[in-house]
Amino acid sequence: MKLKHILWFAVLGGLFACLETRSQVTATEKAIAARQAPAISRGPRFLKPTDGQPQVGDKTSAAMNEAGHQLTAAKKRPNVLFIAVDDLACSLGCYGDLIAKTPNIDRLAASGVCFQRAYNQLPLCNPTRASIMTGLRPDQIKVYDLDRHFRDELPEVVTLPQAFQQAGYFAGRVGKIYHYNVPASIGTDGFDDPPSWMQTINPIGRDKAEENKVFNAEPHRKISGALSWLAADGSDEEQTDGMIATEAIRLMESKRQEPFFLAVGFFRPHTPYVAPRKYFDLYPVEQLRLPYAPSDDRADIPTAAFAHNCPVPNYSLPESTLLQATQAYYACVSFIDAQVGRLLDALDRFELTGNTIVVLWSDHGYHLGEHNGIWQKRTLFEQGARSPLIIRAPDQAGNGTSSPRVVEFVDIYPTLTGLAGIEAPGGLAGRSLQKLLQEPIAKWDGHAITQILRPADKRLAKPVMGCSIRTERWRYTEWANGQAGKELYDHQADPMEFDNLAVDPDEQAVRVMQRLQPMLRKHASGDVPDTPFNPARL
């Protein structure tokens, strides 16, 4: 046979092989599409849990994972590293905090999009996390306290990790993603949602064993809610949060060959503020100061605006103690920053960075003495409503640029499903941030809604719902639909919210409130909910 004939047959053979391979891939895609079609056709908002196991349509999550992994072989999909930090304010270098030493979170922000005006839906652990994970507002899931589970109201709702399971992803959790009682529930599943995960890991470190060493500045209160801290002995890896990073890295490595949604939740800087001693040394007390506020700052603020867990300014503690608490809080921030750095380094080491979406968020903001003595959470001021949100997604034109646009935490769900190219449930409350990931300063016209429910106490004769709307310039807040007070702050002139323009409004303030009120009430009701809530756990 002549050489040219041999070459011709070789070319034909290669062509047929390619056609055969393509037909196999096409058949695989069609088979997977057929498996997924029933779940999509019925609408993916609701699932029917069976024996507590996650279900997808008529298939088990294991079968769906197998199908999804086959699809991934043909179409590479991005991983998701979903990092949650408990009680983290915008006390980070990338948010302009001149005290914080957070080089690792700062480098994440420098390589992604740092949302400078991101707002949570309810500044309390259980409601805000339930809202993020369902993509729905508190009034939709009816969760306002630390006791009610979102499935009490919406038993078949599809959570964010469930949506990724439907698409064939592995979904795992290490540490705190849904609500935990901290520190009591460390090492357990906490107030988890079993259908959300295929695997969970609950490390428990020496911080649990050494709770007797914690200094409590308010001995009449539990360390879970009091200003309390410990400069711990030992290494990062001995602390629960250090162990969480270690286990997350192990899980990341074991799942590196398949698409994963890996949720990693750190417990600090939630009280008690516990971190290795070296992080305390980063913040000498003599170099710290309490936040400034005018002496009469509280004169124009409604009573309901102050959290019921901090009714007395600064808990009546001396300044020296408050500065020590400030030191301990920042020590925890730097400790967690180091653990985030370990996760980012692991992505690089496993060569996963180029195909992994990284999201870092905190459940809500946090006070460190603003407004002459507000501490911790549960407020609708800027410090309570505004929270860190950083998203680094591969090949986004906006990476490396901060976004000044107003966004909400309910936007996280549709953003991640959109970036991954997977089916999202209908009826999500937020909108995708993909436009801002491409152009962080693009026209957006965004506003954010945050609310909080107050119990009846010595200050309030009956429960009061507070609702607040934040635009790029204004914050407008109503307590009990305005019956228990209103607040209006102009962030262009008053970024610290010292001057409540609603008390004696001029013509401009009246016009602004008239414009913002229907926008606010469209998304949050100022009425006390008729669904169950525990006043002691608000």
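Nothing here was measured: the structure is a model prediction, and the numbers come from that model. (Residues numbered from 1 in each chain as written. Predicted model: local features only at pLDDT ≥ 70, side-chain atom pairs only at ≥ 80, totals over all residues. Heavy atoms only, no water.)

1. Things to note about the overall build of the protein chain
Looking only at helices and strands, the protein chain has 16 helices and 19 strands in total. In the protein chain, which comprises 538 residues, the proportion classed as buried is 58%. If you take every contact in the protein chain between residues at least 6 apart in sequence, the share linking residues at least 24 apart comes to 74%. Put simply, the protein chain shows about 21,100 Å² of open surface, and 53% of that area lies on carbon and sulfur atoms. (Helix = DSSP H or I, 4+ residues; strand = E, 2+ residues; numbered from the N terminus. Buried < 20%, exposed > 50% of the residue type's maximum accessible area, 1.4 Å probe, protein only. Contact = heavy atoms within 4.5 Å. Areas by Shrake-Rupley, 256 points an atom, 1.4 Å probe, with all protein chains shown as cover.)

2. Topic: the packing of aromatic side chains
Two measures describe an aromatic ring pair: the distance that separates the ring centres and the angle between the ring planes. Under the counting rule described, the total for this entry stands at 15 aromatic pairs. With 5.2 Å between their ring centres and 85 degrees between their planes, tyrosine 180 and phenylalanine 267 make a pair best called edge-to-face. Taken together, the residues span a long stretch of sequence, with tyrosine 180 in the loop between strand 5 (170-175) and strand 6 (199-201) and phenylalanine 267 in the loop between strand 9 (260-266) and strand 10 (273-276) at a distance of 87 residues. Plain terms: the ring middles of tyrosine 329 and tyrosine 366 are 5.0 Å apart, the flat faces sit at 10 degrees to each other, and that makes the pair stacked. Note that tyrosine 329 is positioned in helix 11 (residues 319-349) and tyrosine 366 in the loop between strand 11 (356-362) and strand 12 (367-369), a separation of 37 residues in sequence. Just as tyrosine 329 is buried, tyrosine 366 falls in that class too. An aromatic cluster of at least three residues, connected via ring pairs, comprises Phe82, Phe164, Tyr169, Phe261 and Trp361. For the cation-ring pair, lysine 255 lies above phenylalanine 170, with the distance from its terminal atom to the ring centre recorded as 4.4 Å. A cation over an aromatic ring shows up here: arginine 431 above the ring of tryptophan 444, its NZ or CZ 3.6 Å from the ring centre. (Phe/Tyr/Trp six-rings, centres within 6.5 Å; stacked < 30°, edge-to-face > 60°. Lys NZ or Arg CZ within 6 Å of the ring centre and 35° of its normal.)

3. Focus on the sheet that holds strand 9
One open sheet accounts for 8 strands, arranged 6-5-9-3-11-14-4-15; its pairing is mixed. For this open sheet the edge positions go to strand 6 and strand 15 (403-408), each flanked by a neighbour on one side alone. When the angles between neighbouring strand axes are averaged without regard to direction, this sheet yields 20 degrees. Pairing analysis gives 7 bridges linking strand 3 (residues 79-85) to strand 11, with the strands arranged parallel. Paired with alanine 84 across the bridge in strand 11 is tryptophan 361. Sitting on the sheet, helix 3 (residues 103-111) is in contact with strand 4 (113-119), strand 11 and strand 14 (389-392), with an inclination near 55 degrees to strand 14. (Pairing = 2+ DSSP bridges. Axes fitted to C-alpha atoms, helices over the stretch in contact; angles between N-to-C directions.)

4. So, the packing of helix 3 against helix 11
One way to put it is that helix 3 packs onto helix 11 with a least axis distance of 7 Å and a crossing angle of 50 degrees. Between helix 3 and helix 11, the interaxial angle falls into the category oblique. Across the interface between the two elements, Pro103, Asn104, Ile105, Arg107 and Leu108 from helix 3 touch Asp337, Ala338, Val340, Gly341, Leu344 and Asp345 from helix 11. (Parallel < 35°, antiparallel > 145°, perpendicular 65-115°, else oblique.)

5. Things to note about the sheet that holds strand 7 (residues 215-216)
Overall, mixed pairing links the 3 strands, which are arranged 7-8-10 in an open sheet. Where the open sheet ends on each side, the last strands, each with one partner, are strand 7 and strand 10. As defined by bridge partners, strand 7 adjoins strand 8 (residues 228-232) across 2 bridges and the pair is classed as antiparallel. When the sheet's bridge partners are listed, phenylalanine 215 is paired in strand 8 with tryptophan 229. In this fold helix 11 packs onto strand 8 and strand 10, with an angle of close to 55 degrees to the strand it touches most, strand 10.

6. Notes on the side chain of asparagine 120
Here asparagine 120 lies in the loop between strand 4 and helix 4 (125-134). Residue classification places asparagine 120 among the buried positions, given a relative accessible area of 0%. A polar contact of 3.2 Å, which involves the side chain of asparagine 120, links it to the backbone nitrogen of leucine 122. Not counting the four nearest positions on each side in its chain, asparagine 120 is found in contact with Thr128, Asp363, His364, Gly365, Gly384, Ala385, Arg386, Ser387, Phe409, Ile449 and Thr450. (Polar contact = N/O pair within 3.5 Å; in protein donor to acceptor, adjacent residues only side chain to side chain.)

7. Points about the pattern of salt bridges
Enumeration over the complete set of coordinates arrives at 29 salt bridges. Residue glutamate 472 is joined to arginine 117 by a salt bridge in which the shortest nitrogen-to-oxygen separation is 3.8 Å. Taken together, the residues glutamate 472 in the loop between strand 17 (464-470) and strand 18 (474-479) and arginine 117 in strand 4 connect sequence positions 355 residues apart. Arginine 277 is paired through a salt bridge with aspartate 233; the nearest N and O atoms lie 3.4 Å apart. With a gap of 44 residues between them, arginine 277 in helix 10 (residues 277-280) and aspartate 233 in the loop between strand 8 and helix 9 (240-254) connect regions that are remote in the sequence. The structure contains a network of salt bridges with shared partners spanning Asp86, Arg129, Lys176 and Asp363. (Salt bridge = Lys/Arg side-chain N within 4 Å of Asp/Glu carboxyl O.)

8. Here we look at the confidence of the model for the protein chain
On average, residues of the protein chain score 89 in pLDDT, and 86% of them are at 70 or above. Within the model, the stretch residues 1-74 combines pLDDT values under 50 with 79 contacts to residues more than four positions away or in other chains. (pLDDT = per-residue confidence, 0-100.)

9. Re helix 9
With 15 residues, helix 9 should reach 21 Å at 1.5 Å per residue; the first-to-last C-alpha distance of 21 Å fits that figure. Close packing links the buried residues of helix 9 with strand 3, strand 5, strand 6, helix 8 (206-209), strand 9 and helix 11. (Expected span 1.5 Å × (residues − 1).)

10. A short note on the nonpolar core
Leu227, Met252 and Phe266 are the most contacted members of the largest nonpolar core, which has 67 residues in total. Broken down by element, this core gets its largest block of residues, 16 residues, from helix 11. Apart from residues lying up to four places away in sequence, methionine 252 is in contact with Leu81, Phe260, Leu262, Leu343, Ala346, Leu347, Phe350 and Leu352. (Core = buried A, V, L, I, M, F, W, Y, C linked by side-chain atoms within 4.5 Å.)

11. Some details on the environment of glutamate 487
With respect to the helices, strands and loops of the structure, glutamate 487 is situated in strand 19 (residues 486-490). On the accessibility criterion, glutamate 487 (2% relative accessible area) is buried. Along the primary structure glutamate 487 and alanine 305 are separated by 182 residues, whereas in three dimensions their C-alpha atoms are 9.0 Å apart. Residues within four places of glutamate 487 in sequence aside, it is in contact with Ile301, Pro302, Ala305, Phe381, Arg475, Tyr476, Thr477, Trp479, Asn500 and Ala502. Within the structure, glutamate 487 has its side chain in polar contact with the side chain of tryptophan 479 (distance 2.8 Å). Of note is the side chain of glutamate 487, whose polar atom sits 2.6 Å from the side chain of tyrosine 489.

12. Topic: unusual backbone geometry
With an omega of 15 degrees, the peptide bond running from arginine 268 to proline 269 counts as cis. Summarising the element assignment, proline 269 is placed in the loop between strand 9 and strand 10. With omega at -5 degrees, the peptide bond leading from threonine 271 into proline 272 counts as cis. Locating proline 272 in the fold gives a position in the loop between strand 9 and strand 10. One non-glycine residue, aspartate 445, adopts positive backbone phi at about 55 degrees. Mapped onto the elements, aspartate 445 comes out in the loop between helix 15 (434-438) and strand 16 (448-454). Residue aspartate 445 is classed as exposed on the basis of its relative accessible area of 69%.

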